[in-house]
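Spelled out from the first residue to the last, the chains are:
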Amino acid sequence: MKTLKVAIIGFGSVGKGVLKVLAGSSSTYDDVKFKVVAITDSRGAVLDDNGLDLEQVLKQKNNGDLKRVDKKSLDVIRDCDYDILVEVTPTDARTGEPGLTYIAEALKRGKSVVTSNKGPVALKYKELCELAKKNNGLFLFEATVGGAMPVFNLLRMPLAGNKVTNIMGIFNGTCNYILTRMANEDLPYDMVLSEAKELGIAEADPTYDVEGIDTALKIVILANAVFGMDVSLKDVDTVGISSVSLEALKLASQSGMVIKLIGEVHPNGEERVLKVSPRLVPKNHPLAVQGTLNAALIQTKLAGDIFVVGKGAGSIETASAILSDMLYIASRK
Ligand SMILES: NC(=O)c1ccc[n+]([C@@H]2O[C@H](COP(=O)([O-])OP(=O)(O)OC[C@H]3O[C@@H](n4cnc5c(N)ncnc54)[C@H](OP(=O)(O)O)[C@@H]3O)[C@@H](O)[C@H]2O)c1
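Note that the coordinates shown come from a computational prediction; the quantities given were computed from them, not determined experimentally. (Residues numbered from 1 in each chain as written. Predicted model: local features only at pLDDT ≥ 70, side-chain atom pairs only at ≥ 80, totals over all residues. Heavy atoms only, no water.)

Engineer: So what's going on with the side chain of T115? Which residues, and what values?
Structural biologist: For T115, the position within the fold is in strand β6 (residues 112-115). Side-chain polar atoms of T115 contact the side chain of E87, separated by 2.8 Å. (Helix = DSSP H or I, 4+ residues; strand = E, 2+ residues; numbered from the N terminus. Polar contact = N/O pair within 3.5 Å; in protein donor to acceptor, adjacent residues only side chain to side chain.)

Here is the structure:
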């Protein structure tokens, strides 16, 4: 049995999901055991080099009486003994911080890093991969695109050896939820958006989602990580869903179509496509998924078209993608 020490930076929805998943399995998977030795949030750290009691730490965090020590996340990353850093702090698309510094510091120490944070991957993919390579660590980010829906892991193993020619899909559950309810229930955009906020499906400030920025970040990550491009958010032609009218949805429906917010990346030279926009999709097309689901159509040279559908967000679902990255790292150690 090999034991890997884990430090988790960020103890919100995803951080708690990772702890729940590890606690539920006694942190053991076949011949691998994960020992969580550190967890931090914006207020401090909880540390135990012999392995934290995950149930207890979760209970304390939920009750608001977490027994933190006064140590900053960056100090934990620089000083503690761990093998894998799980970085799950909030996404900042403009600076990538604080995650960017956290990830870089861990990689400089030769640690492997798993993140669900889109900012650092979209902004500094190449630099972070080079840092990982130079220091013999791994840098993995399955959860950044499509939550639980596998994309990078799918390409790494089941589709290994395939040349990918195009990726298009629905990468934002909030937008898909809004468009689905508008179309199915004939409800106006503002009303569905307010309800989505009440249900916690949309953020209090939903700009990132509805203006297509979140989907564009994922297109940047796919472009750089799958197609070896060197692009940023400004290279993605981005239109969100705020101007999609009920009238447009009705007209689409009369022609057997739905309107979906589609992100697409296609690498071919002059014809390069990097775009996010509301597009017509036939009702019976596999990408016409409902509600908060995400879906991707991956076009490949050998395997042809591959579709994946899954939950793009959620505490446990996102933890599932993080766990798969952690197990991949364990398999390479
Ligand atoms: N939620 C999802 O379903 C989902 C899906 C895919 C990807 N993601 C991405 O995963 C990341 C985490 O999402 P989340 O939903 O878990 O966010 P969240 O609930 O807001 O939690 C963020 C955590 O980070 C901590 N934090 C904030 N600033 C920090 C700092 N400077 N240093 C250390 N810790 C800090 C917060 O501390 P406090 O607890 O003290 O506030 C909190 O524990 C984000 O980048 C998000 O975009 C989320």
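Once the structure has been displayed, the description carries forward.
Engineer: Outline the sheet that holds strand β10 (residues 257-266), listing residues and values.
Structural biologist: Strands sit in the order β9-β11-β10-β8-β12-β13 across an open sheet of 6 strands; the sheet is mixed. Taken across any chain shown, the strands that pair with only one partner, and hence form the sheet edges, are β9 (237-238) and β13 (305-311). Here 2 bridges tie β9 to strand β11 (residues 273-282), and the two strands are oriented parallel to one another. Across the sheet, residue D237 finds its bridge partner in β11, namely K275. Docked against the sheet, helix α10 (residues 213-227) engages β8 (164-170), β9, β10 and β11, running at close to 40° with respect to β10. (Pairing = 2+ DSSP bridges. Contact = heavy atoms within 4.5 Å. Axes fitted to C-alpha atoms, helices over the stretch in contact; angles between N-to-C directions.)

Engineer: Account for the pattern of salt bridges, naming residues and giving values.
Structural biologist: Under the counting rule described, the total for this entry stands at 15 salt bridges. D41 is the partner of K61 in a salt bridge, and the nearest nitrogen-oxygen pair spans 2.8 Å. Highlighted residues: K61 in helix α2 (residues 54-63) and D41 in strand β3 (residues 32-41), separated in sequence by 20 residues. Here D41 makes a salt bridge to R68, at a shortest N to O gap of 2.8 Å. Placement of D41 in strand β3 and of R68 in the loop between α2 and α3 (73-79) is noted, with a sequence separation of 27 residues between them. (Salt bridge = Lys/Arg side-chain N within 4 Å of Asp/Glu carboxyl O.)

Engineer: Please give an account of the site of the ligand that cites residues and values.
Structural biologist: Contacts to the ligand come from 22 residues, most closely from S42, T89, Y102, S116 and G314. With respect to the ligand, the backbone of S13 contributes an N or O atom lying 3.0 Å from an oxygen atom. Between the ligand and S116 there is a distance of 2.7 Å, counted from an oxygen atom to a side-chain nitrogen or oxygen. For the ligand, whose free accessible area comes to 900 Å², the fraction covered by protein is 72%. Split by residue class, the shell around the ligand holds 8 nonpolar, 11 polar and 3 charged. (Near = heavy atom within 4 Å. Areas by Shrake-Rupley, 256 points an atom, 1.4 Å probe, with all protein chains shown as cover. Nonpolar A, V, L, I, M, F, W, Y, C, P; charged D, E, K, R; others polar.)

Engineer: Describe the side chain of S27, listing the residues and the values that go with them.
Structural biologist: Of note, S27 is situated in the loop between α1 (13-24) and β2 (28-29). Sequence-distant contacts of S27, that is, excluding residues within four places in its chain, are made with L22, V32, K33, F34 and L54.

Engineer: If you had to explain the nonpolar core to someone new, which residues and values would you point to?
Structural biologist: Among the nonpolar cores identified, the biggest contains 71 residues, and F139, I178, L222, I241 and V265 are the most heavily contacted of them. Tallying contributions element by element places α10 first for this core, with 8 residues. Beyond its immediate stretch of four places on either side in the chain, I178 contacts Y189, V192, L193, V210 and I241. Within the second largest apolar cluster, 34 residues are counted, among which are V14, V18, I39 and V114. (Core = buried A, V, L, I, M, F, W, Y, C linked by side-chain atoms within 4.5 Å. Buried < 20%, exposed > 50% of the residue type's maximum accessible area, 1.4 Å probe, protein only.)

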